[in-house]
Amino acid sequence: MLIPQTSSSLVDTLRQRRQKLASLIDFPAILWSGSNSPRNFPANSFAFRANSHFLYFAGLPLANAAIRLEAGKLELFMEDPSPSSALWHGEMPTREEIAEQIGADVARPMAELGSWLEDAATIAVQDAATWTQQSQLLNRWVLPQSLPQEIDLELAKAIVFLRLTHDDAALTELRKAAAVTVQVHKAGMAATPQAKLEAEVRAAMEGVIIANNMTTSYNSIVTVHGEVLHNEHYHHHLQPGDLLLADVGAETETGWAADVTRTWPVSGNFSSTQREIYNVVLAAHDACIAKIYPGVEYGDIHLLAATVIAEGLVDLGILRGNPQDLVEMDVHALFFPHGIGHLLGLDVHDMEDLGDLAGYEEGRTRSDRFGLGYLRLNRPLRPGMLVTIEPGFYQVPAILNDANVRSTYQNVVNWQRLSEFADVRGIRIEDDVLVTTEGSEVLTAALPNDANIIENLVNS
Ligand code: GLY
Ligand code: MN
Ligand code: MN
C-alpha cells in the first residue's frame, strides 16, 4: 500500500466522529480533500497536504477525493488509479480498498459526485482549484475564510464543536508529533556549535522530522533575527553573541501537529542581558501553564503573560510604573505584540481557516486594543483542548522606532536602559499544553527550557 495503514481502532474512531457529527446536523456534508498543485507540469507538484476537515473524518491524506457524510454514513468519492500510473507511482490501492481502510459505507467515482450534492453543506478548501470546483458544483460561492451560507456556517460550527477537544486517537498522534519535535529541538541545539549558517541548524532539525517520516507542520523559523516574527529566511551567519530562535514543529503522516519554540545562545552561553530577559519570558511561560485549568479564560492567561512580562521589565528598569497599569496601557505589546497562543490539532492555529469561529466563543469578537487584538483564542478552556503557550520578547524596529509609539510611551519606557539590551532581538518559549480534567499536561515537557540546561544542551 502506498498510503499509511489504518488500524481497526482508527476506523472505530472515524465512525464515532461521523456519528457525533450526525447528532449535530440534519443535512449532508461534503468535504473535499484538495488537489495537487503543479509547479510546472502535472507530475511535478508542490507537496500535497489534505484539507484538515477531510482528514478529521476520512483519516487518510488522499488527494483529489471527497467524502459525503450523512446520518453517520460515509461515502467516498475518488477515481481509481489510472492504468498508466502504476508505471510511475507503483501499484496504488483501488477506490474500494481505500474505502475499506477508512470504513466507508460506499465508494463511488469522483465523476458521480455531481448527483449527490443536493442540500449539502461544505467548507472551502484553501487551494483555488478546489474551492473553484466546490463553487461550480454547488452553484454558489464557496470561498476560503468566508461562510455566507447558513448551512455551511452550521456545518462549520458543528465541526468546531468536535475538533475543539481531542479524542484518544487524535491525542495518540499529537503525542507522537510532540515527541519527535522534542528531539528536533535537541538536535538543533546540538548542531549549533558546528554550524555557520541558520540553514545548517534548520537542516539538523528538519532532518529529524524527515527521518521520522513526518513533515513540518508550518514553515520552520530558525533565525538569529527572532524580532522578525515570521522570519522564513535561513541565510544569516551565526555570530557568537547571537541568540538563535527556532520555531519548528513536526506533523504526523495523518496530519497532526506540534508547534514548539526554543531560543538559545549561539556561543552556548547567554550574556547577562540575554539571560535576564530570557528569565522574564520563562517566568511568563511558567505562570501561564500553572494557571491552565478547565473553566479558565484563555484571555486571562494572555493578560497574565502580559502582566508578568511588564513586571519583569519594571524590575529590570526598562519600564516604569505599576505592571497592571502598564498592561492596561498596552505597554507590554511594544515587546510582546502577539497573543499568548492558539489552538493546536490537525493544524498549527487549528481551524483558523474558519476565521475566529473556533478561536472565539460565540458572541465575542477581536478587541481593537493593540495589546489584545492579536489574541487568537478567547474561550474558557475545556478538558481535551490543546493550546500553545508562547510568550516572547522582541525588539521590533517597526514598533520601537515609530515616532508615535516613542511619544505615547515616552514616560513609561526607559529608552536609555533598553539600549543596554541590544543583544536581545527576539526570544520566544513555546510549548504545547493539553487541558485535562485536573489541570494540564505539557506534551512537550521533555524539552528543557531552563537557561542553564539549554546552555548545557548547546555545549554538549
Ligand atoms: N509557529 C507559529 C506559531 O507559533 O504560531
Ligand atoms: Mn504557536
Ligand atoms: Mn510556533
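Our structure's up above, just so we're on the same page.
Residues numbered from 1 in each chain as written. Chains lettered and ligands numbered in written order. Predicted model: local features only at pLDDT ≥ 70, side-chain atom pairs only at ≥ 80, totals over all residues. Heavy atoms only, no water.

A.B. asks: Before we go on, may I ask you to explain the overall build of the chain in this structure?
C.D. replies: When helices and strands are counted, the chain shows 15 helices and 16 strands. Counting only C-alpha atoms, the chain reaches 70 × 50 × 45 Å along its principal axes. Going through the 460 residues of the chain one by one, you find that 55% of them count as buried. Here the analysis covers contacts within the chain between residues at least 6 apart in sequence; of these, 72% occur between residues at least 24 apart. (Helix = DSSP H or I, 4+ residues; strand = E, 2+ residues; numbered from the N terminus. Buried < 20%, exposed > 50% of the residue type's maximum accessible area, 1.4 Å probe, protein only. Contact = heavy atoms within 4.5 Å.)

A.B. asks: What should I look at first to understand the pairing of strand 15 (residues 431-435) in this one?
C.D. replies: Two faces belong to every sheet, and in a regular strand the side chains alternate between them. For strand 15, the tally of buried residues reaches five of five residues, placing the bulk of the element in the interior. Residues Asp431, Val433 and Val435 of strand 15 are buried on one face, and the alternating residues Asp432 and Leu434, pointing to the opposite face, are buried as well. Note that strand 15 and strand 16 (residues 440-442) share three bridges and pair antiparallel. Paired with Val435 across the strands is Ser440, a residue of strand 16. The antiparallel pairing of strand 15 with strand 16 creates a hairpin that spans four residues between the two strands. (Pairing = 2+ DSSP bridges.)

A.B. asks: Sorry, what's going on with the coordination of the manganese ion (ligand 3) here?
C.D. replies: Listed as protein donors to the manganese ion (ligand 3) are Asp247 (OD), Asp247 (OD), Asp259 (OD) and Glu430 (OE); their distances from the metal cover 2.0 to 2.3 Å. Taken together, the six donor atoms surrounding the manganese ion (ligand 3) define angles of 57 to 171° at the centre, an arrangement classified as irregular. Each donor residue of the manganese ion (ligand 3) belongs to the same chain, and together they define the spacing D-x11-D-x170-E. In this model, the manganese ion (ligand 3) sits 3.3 Å from the manganese ion (ligand 2), the two metals being bridged by Asp259. Of the two residues, Asp247 sits in strand 9 (residues 243-248) while Glu430 sits in the loop between strand 14 (426-428) and strand 15, which places them 183 residues apart along the sequence. (Donors = N, O, S within 2.8 Å, 3.2 Å for Na, K, Ca; no water. Tetrahedral: all angles 85-135°; square planar, octahedral: opposite > 155°, others 65-115°.)

A.B. asks: Can you walk me through the sheet that holds strand 16 in this structure?
C.D. replies: Each strand in a sheet pairs with its neighbour through backbone hydrogen bonds, running either in the same direction (parallel) or in the opposite one (antiparallel). Here three strands make up an open sheet; going across it, the order is 12-15-16 and the pairing antiparallel. Single-partner strands in this sheet number two, and they are strand 12 (386-389) and strand 16. Each strand axis lies, on average, 35° off the axis of its neighbour in the sheet, ignoring direction. Contacts between helix 9 (residues 272-290) and the sheet are confined to strand 12, strand 15 and strand 16, with strand 12 contributing the most and set at about 155° to the helix. (Axes fitted to C-alpha atoms, helices over the stretch in contact; angles between N-to-C directions.)

A.B. asks: Just checking my understanding: could you explain the site of ligand 1 for this structure?
C.D. replies: Around ligand 1, a shell composed of Tyr218, Asp247, Asp259, His342, His349, Glu390 and Glu430 is seen. A distance of 3.1 Å separates a nitrogen atom of ligand 1 from a polar atom in the side chain of Asp247. In this structure, Glu430 approaches ligand 1 through a side-chain N or O atom, which is 3.1 Å from an oxygen atom. Within the complex, the protein chains bury 88% of what would otherwise be the 200 Å² of accessible surface of ligand 1. Residue classes in the shell around ligand 1 are distributed as one nonpolar, two polar and four charged. (Near = heavy atom within 4 Å. Polar contact = N/O pair within 3.5 Å; in protein donor to acceptor, adjacent residues only side chain to side chain. Areas by Shrake-Rupley, 256 points an atom, 1.4 Å probe, with all protein chains shown as cover. Nonpolar A, V, L, I, M, F, W, Y, C, P; charged D, E, K, R; others polar.)

A.B. asks: Can you help me understand a negative patch on the surface in this one?
C.D. replies: Together, Glu91, Glu96, Glu97 and Glu100 line one region of the surface with negative charge. For Glu96, the position within the fold is in helix 4 (residues 95-101). (Patch = residues over 30% accessible without salt bridge, like charges linked within 9 Å, V, L, I, M, F, W, Y side chains within 5 Å. Salt bridge = Lys/Arg side-chain N within 4 Å of Asp/Glu carboxyl O. Lys, Arg positive; Asp, Glu negative; His and termini not counted. Charge placed at Lys NZ, Arg CZ, Asp CG, Glu CD.)

A.B. asks: What should I look at first to understand the packing of aromatic side chains in this one?
C.D. replies: Here the structure, examined in full by the defined rule, presents three aromatic pairs. Both rings, one in Tyr56 and one in Phe57, keep their centres 5.1 Å apart while their planes meet at 90°; by these two values the pair is edge-to-face. The same class applies to Tyr56 and to Phe57, which are both buried. Taken together, a centroid distance of 5.2 Å and an interplanar angle of 5° make the contact between Phe335 and Phe393 stacked. Placement of the pair is Phe335 in the loop between helix 11 (323-328) and strand 12 and Phe393 in strand 13 (residues 392-394), with a sequence separation of 58 residues. Grouping residues by exposure puts Phe335 and Phe393 together as buried. Taking NZ or CZ as reference, Arg406 lies 3.9 Å from the ring centre of Trp415, over its face. (Phe/Tyr/Trp six-rings, centres within 6.5 Å; stacked < 30°, edge-to-face > 60°. Lys NZ or Arg CZ within 6 Å of the ring centre and 35° of its normal.)

A.B. asks: Just to check I follow, could you spell out the packing of helix 7 (residues 168-191) against helix 8 (residues 198-211) for this structure?
C.D. replies: If you want to describe how two helices pack, look at the angle between their axes and the distance between the axes. Taken N-terminus to C-terminus, the directions of helix 7 and helix 8 make an angle of 150°; their axes are 8 Å apart at the nearest point. Our classification of the angle between helix 7 and helix 8 gives roughly antiparallel. Here the hand of the crossing between helix 7 and helix 8 comes out right-handed. Residue-level contacts link Val180, Gln183, Val184, His185, Ala187, Gly188 and Ala191 of helix 7 to Val201, Ala204, Met205, Val208 and Ile209 of helix 8. When grouped by side-chain class, the residues that make up the contact of helix 7 with helix 8 number nine nonpolar, three polar and no charged. (Parallel < 35°, antiparallel > 145°, perpendicular 65-115°, else oblique. Left-handed = near helix turned anticlockwise from the far one by under 90°.)

A.B. asks: Help me out: how do you make sense of the nonpolar core in this one?
C.D. replies: The tendency in soluble globular proteins is for nonpolar side chains to be buried as a group. Among the nonpolar cores identified, the biggest contains 133 residues, and Leu76, Leu155 and Ile277 are the most heavily contacted of them. In this view, Ile277 contacts Leu313, Leu316, Ile318, Phe393, Phe421, Val424 and Ile427; residues no more than four positions away in its chain are not counted. Within the second largest apolar cluster, twelve residues are counted, among which are Ile30, Trp32, Ala124 and Val142. (Core = buried A, V, L, I, M, F, W, Y, C linked by side-chain atoms within 4.5 Å.)

A.B. asks: Would you mind going over the coordination of the manganese ion (ligand 2) with me for this structure?
C.D. replies: Ideal geometry at a metal centre: 109.5 degrees between donors when four sit tetrahedrally, and 90 or 180 degrees when six sit octahedrally. Looking at the manganese ion (ligand 2), one finds its protein donor set to be Asp259 (OD), His342 (NE2), Glu390 (OE) and Glu430 (OE), positioned 2.0 to 2.2 Å from the metal centre. For the manganese ion (ligand 2), the six donor atoms in the first shell make angles of 49 to 154° at the metal, so the coordination geometry reads as irregular. His342 gets classed as buried once you look at its relative accessible area, which sits at 2%.

A.B. asks: Would you take a moment to explain the layout of surface pockets for this structure?
C.D. replies: With a probe scaled to a water molecule rolled over the atoms, the places where space remains empty come into view. Here the second largest pocket defines a volume of roughly 560 Å³. Residue lining of the second largest pocket: 33 residues in total, with Leu10, Arg17, Ala169, Ala170 and Glu173 positioned closest to the centre. Mapped onto the lining of the second largest pocket, the elements with two or more residues apiece are helix 1 (8-24), helix 2 (52-58), helix 6 (150-163) and helix 7. Among the elements that take part in the lining of the second largest pocket, helix 1 stands out by supplying six residues, more than any other. Here the lining of the second largest pocket is built from residues that sort into twelve nonpolar, 13 polar and eight charged. (1 Å grid on protein atoms, 1.4 Å probe; cavity = no way out; pocket = protein on both sides within 12 Å on 5 of 7 lines; lining within 4 Å. Points joined across faces, edges and corners; volume = space filled by probe spheres on them.)

A.B. asks: Even after reading the chapter, I still don't get the sheet that holds strand 11 (residues 260-265), so can you show me in this structure?
C.D. replies: One open sheet holds the three strands; their spatial order is 8-9-11, and the pairing between them is antiparallel. Looking at which strands have only one partner, the edges of the open sheet turn out to be strand 8 (221-223) and strand 11. The sheet shows a mean angle of 10° between the axes of neighbouring strands, direction not considered. Both strand 8 and strand 9 contribute to a ladder of three bridges, which runs antiparallel. Note on strand 9: the bridge partner recorded for Val222 is Ala246. Sitting on the sheet, helix 7 touches strand 9 and strand 11, and the angle it makes with strand 11 is about 15°.

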